Amino acid sequence: MGNYREFEDAAQSYNEVGSLSDLKHQITVKTEAGKSAKQSVVKLEHRMKDLAEIIKYAQQYKDNRSYHIATKKPRNPDAYFRRYESQIILYGGARRMLEQVGINLKGLNVDKLKAEYQELMKQKSELTSTYKKCEKEVQSLNRKLENLNQYLGQTQPDPVQAQQTKNRNHSL
């Protein structure tokens, strides 16, 4: 006698999904949803990397701005520059980098940039969870499809595959 457990698995799979075409449609939909979420994660990661750079330079700009301002009125400019050379250079480099990416230095708000970064982290976490959930659901649906195909022994031809075979034979 055939494996009763396989029959049970196939029957349960069939009851849960309705039909082979419904199951294949669910697999396609979940696969696409997972791909879309994963692509969004990659885009977010690129944005986060750029934003992290901006935050780094914004912090350097903010931390060292007072040294730059003080260069305008020192009693002994050479001594002041030698003493605070690294802070002045960091300020200048940070300013150039921020200007290159189009950051308005007058309205620069490091805390606001950090809050935006945190929001992107939250979105990334949610999207990562979504695509991992979709991948698990696709694996589960594929197991159900395998159970059904095994049970049915492929005795029922897949209408799409049958049509493609028919079309190929006509073109020969």
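Just so you know, the residues in each chain are numbered from 1, in the order the chain's sequence is written. Per-residue local features of the predicted model are confined to residues with pLDDT of at least 70, and side-chain atom pairs are confined, for both listing and counting, to 80 or more; whole-chain, interface and lining totals are unaffected and use all residues. Side-chain numbers here rest on the full set of heavy atoms in the structure, without hydrogens or water.

Caption draft 1: Representation of the overall build of the chain within the structure. In this text, helices come from DSSP runs of H or I with a minimum length of four residues, and strands from runs of E with a minimum of two, each type numbered from the N-terminal end. Secondary structure assignment for the chain yields six helices and zero strands. Mapped in sequence order, the helices and strands of the chain form the string α-α-α-α-α-α. Contact definition: two residues touch when any of their heavy atoms are within 4.5 Å. In the chain, 83% of the contacts between residues at least 6 apart in sequence involve partners at least 24 apart. Accessible surface computed for the chain: about 12,700 Å², of which carbon and sulfur atoms make up 50%. All accessible-area figures derive from a Shrake-Rupley calculation using a 1.4 Å probe, and residue coverage is judged against the displayed protein chains alone.

Caption draft 2: Main features of helix H5 (residues 110-152). A helix is expected to reach a length of 1.5 Å times the quantity of its residues less one. Here H5 contains 43 residues, and its C-alpha end-to-end distance of 62 Å stays within 8% of the 63 Å for a straight helix at 1.5 Å per residue. Among all positions of H5, only Val-110, Leu-113, Leu-120, Thr-128, Tyr-131, Cys-134, Val-138, Leu-141, Lys-144, Leu-145, Leu-148 and Leu-152 are buried. Looking at where H5 begins, the residue whose side-chain oxygen comes 3.1 Å from the main-chain nitrogen of Asp-111 is Asn-109. Phi turns positive, to about 60°, at Gly-153, one or two residues after H5. Under the scheme applied here, a residue whose accessible area is under 20% of the maximum for its type counts as buried, over 50% as exposed, and between as partly exposed, the area being computed with a 1.4 Å probe on protein chains only. Residues adjacent in sequence count toward polar contacts only when both atoms are side-chain atoms; beyond that, a polar contact is any pair of N or O atoms within 3.5 Å, and within protein one must be able to donate a hydrogen and the other to accept it.

Caption draft 3: Local environment of the packing of helix H2 (residues 20-70) against helix H4 (residues 85-100). Running from N to C, H2 and H4 cross one another at 135°; their axes reach a closest spacing of 7 Å. Looking at the two axes, H2 sits oblique to H4. For the pair H2 and H4, the crossing hand works out as left-handed. Residues Ile-54, Tyr-57, Ala-58, Gln-60, Tyr-61, Asn-64, Arg-65, Tyr-67 and His-68 of H2 form the contact with H4, whose participating residues are Gln-87, Ile-88, Leu-90, Tyr-91, Ala-94, Arg-95, Met-97 and Leu-98. Across the contact of H2 with H4, the residue classes tally to eleven nonpolar, four polar and two charged. In this description, a line fitted to the C-alpha atoms serves as the axis of each element, helices being fitted only across the stretch in contact, and the angle between N-to-C directions of two axes falls anywhere from 0 to 180 degrees. Any angle between 65 and 115 degrees counts as roughly perpendicular, while under 35 counts as roughly parallel, over 145 as roughly antiparallel, and the rest as oblique. Handedness of a crossing follows from how the near helix is turned relative to the far one, being left-handed for an anticlockwise turn of less than a right angle and right-handed for a clockwise one. For this scheme, ten residues count as nonpolar: Ala, Val, Leu, Ile, Met, Phe, Trp, Tyr, Cys and Pro. Four count as charged, namely Asp, Glu, Lys and Arg, and the remainder, Gly too, count as polar.

Caption draft 4: Highlighting the nonpolar core. Buried residues of nine kinds, namely Ala, Val, Leu, Ile, Met, Phe, Trp, Tyr and Cys, make up a nonpolar core once their side-chain atoms join them within 4.5 Å. In this structure, Leu-51, Ala-58, Tyr-61, Leu-98, Leu-113 and Leu-120 are the most contacted members of the largest nonpolar core, which totals 15 residues. Every element with two or more residues in this core is listed here: H2, H4 and H5. At eight residues, H2 tops the list of elements feeding residues into this core. Within the second largest apolar cluster, eight residues are counted, among which are Leu-20, Leu-23, Val-138 and Leu-152.

Caption draft 5: Representation of the environment of Ala-70 within the structure. Inspection of the secondary structure assignment puts Ala-70 in helix H2. Ala-70 sits eleven residues away from Phe-81 along the chain, and the two C-alpha atoms are 9.8 Å apart.

Caption draft 6: Structural context of the pattern of salt bridges. Each reported salt bridge corresponds to a side-chain nitrogen of Lys or Arg within 4 Å of a carboxyl oxygen of Asp or Glu. Scanning all chains against the criterion turns up seven salt bridges. Close ionic contact of Lys-35 with Glu-32 constitutes a salt bridge, the shortest N to O distance being 3.7 Å. Of this pair, Lys-35 and Glu-32 both sit in helix H2, three residues apart, roughly one helical turn. Lys-38 is the partner of Glu-135 in a salt bridge, and the nearest nitrogen-oxygen pair spans 4.0 Å. Taken together, the residues span a long stretch of sequence, with Glu-135 in helix H5 and Lys-38 in helix H2 at a distance of 97 residues. By relative accessible area, which is 41% here, Glu-135 ends up partly exposed.

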